[in-house]
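Summary of the model geometry
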Amino acid sequence: MDIVRTGVKRRRTGISLKRCHVRKVLDKVLLLFLVLFLYGNTPGKRPPPGMVRVPAGFLLYGKDGKKIFLKEFYIDKIEMSAKDYREVNEYFDGPYIFSSNQECHELWHLYGLDYPASCVRWKDAADTCKKLGKRLPTEMEWEMAARGTDGRPYPWGSEEPTCSHAVLYNCGYKYAQKACSKPKGNSPYGICDMLGNVGEWVISARDESTRDKHVMKGSSFLFFFLERTGKPYVWVRYTGKGPYWNYPDTHVGIGVRCVWSKTDHNIKLLPTVKERGF
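Let me sum up the structure you'll find in this document. (Residues numbered from 1 in each chain as written. Predicted model: local features only at pLDDT ≥ 70, side-chain atom pairs only at ≥ 80, totals over all residues. Heavy atoms only, no water.)

A word on the side chain of K182
With respect to the helices and strands, K182 occurs in the loop between α5 (139–147) and β5 (199–205). The side chain of K182 is buried and forms no salt bridge, while D193, the nearest opposite charge, is found at 8.5 Å. Discounting chain neighbours no more than four positions away, the residues touching K182 are C163, S164, H165, A166, V167 and Y173. (Helix = DSSP H or I, 4+ residues; strand = E, 2+ residues; numbered from the N terminus. Buried < 20%, exposed > 50% of the residue type's maximum accessible area, 1.4 Å probe, protein only. Lys, Arg positive; Asp, Glu negative; His and termini not counted. Salt bridge = Lys/Arg side-chain N within 4 Å of Asp/Glu carboxyl O. Contact = heavy atoms within 4.5 Å.)

A few points about the packing of helix α2 (residues 82–89) against helix α4 (residues 122–131)
Remark: α2 packs on α4, axes separated minimally by 10 Å, with the N-to-C direction vectors making an angle of 75°. By the angle between their axes, α2 is roughly perpendicular relative to α4. Seen from α2, the contacting residues are Y85, V88 and N89; seen from α4, they are D124, T128 and K131. Counted by class, the contact of α2 with α4 contains two nonpolar, two polar and two charged residues. (Axes fitted to C-alpha atoms, helices over the stretch in contact; angles between N-to-C directions. Parallel < 35°, antiparallel > 145°, perpendicular 65-115°, else oblique. Nonpolar A, V, L, I, M, F, W, Y, C, P; charged D, E, K, R; others polar.)

Points about the pattern of salt bridges
All told, the structure shown has 12 salt bridges when counted by the stated rule. Linking D124 and R121 is a salt bridge whose minimum nitrogen-to-oxygen distance equals 2.8 Å. The same class applies to D124 and to R121, which are both buried. Between K217 and E143 there is a salt bridge; the shortest N-O distance is 3.2 Å. Here E143 lies in helix α5 and K217 lies in strand β6 (residues 214–217), a separation of 74 residues in the sequence.

Next comes the structure, spelled out in C-alpha cells:
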C-alpha cells in the first residue's frame, strides 16, 4: 500500500514540476511579447505622424536612370509650415530670425504661418528635422519619393509642367502657396509639392571641397520654366551660384521636408562623409 502511495506522489510531483515549467515558459513568452510591444511603441521606433511610407525598391536615379536599391523610408507628405518650423525652434520674432536677408524677415508677415517655411538655411533645416526625431532626405531618397520606381521625369508623370501641376513663377506666383494646392502634381505616393512651391534641402553636399554648399531639390515658385532655360526635372540639382547659395544666409525659395527610416542603409549609399553633409 505504501509503495502504491509513493508512486502516486511521485507522479503528482512530476506533473506539478511539468506544470511549473510550462508556467515559467509561458511567463517568459509573455514577458518577451510585452518587451517587444513596448519597444515597438517607444518614440523613435515608429515614424512620426504626417509621414508617407515609401516602400523599398529600385530607384532609376538621375538623368541616366542608374538603378539603385533603397530600403523603406518615410517622408513628410507636405513641406514644413512656417508655424511648425517656428514652434520647433521656439522663435518669437518670426520663423526667419537667423537670416539677414531683409526679404526673409518681412516675408512671414505677408503670407502667414500656415504657408511653407522659407528662408531656411541648410544647417537649420537639418537641426529642425533632428529635433523632431527625423533627418533630411538623401538626394536618392528625395528622388524616389518624387518619381517612384518607373523613372518618370516629373512627380505626376511625363506630361510637361503646367500651372495645374506646380506652383511656379510662370503662373504668376510671387510667393509660395499653402501645402497641397496642386494635387494634380502629387508624386506616385501622394506626396505634395515635390516640384515647385519651395525647394527642399537634402543631405548630399554640393561637392567634397565645400562642406557649406549643399544641394536643393524640387525647384521653387521662383522657377521660370522655358525650353531655353531648362525644365524642372526631378533629377535636377540646384547647386549654382547666386542668392540661393549665399551661405550662411538663404533665400525665400528654400524650405524643408524631413524623412524617417529604421536603418541608415540609404545614408551609407552616399560616397563620402563630406558628401553626406555632416
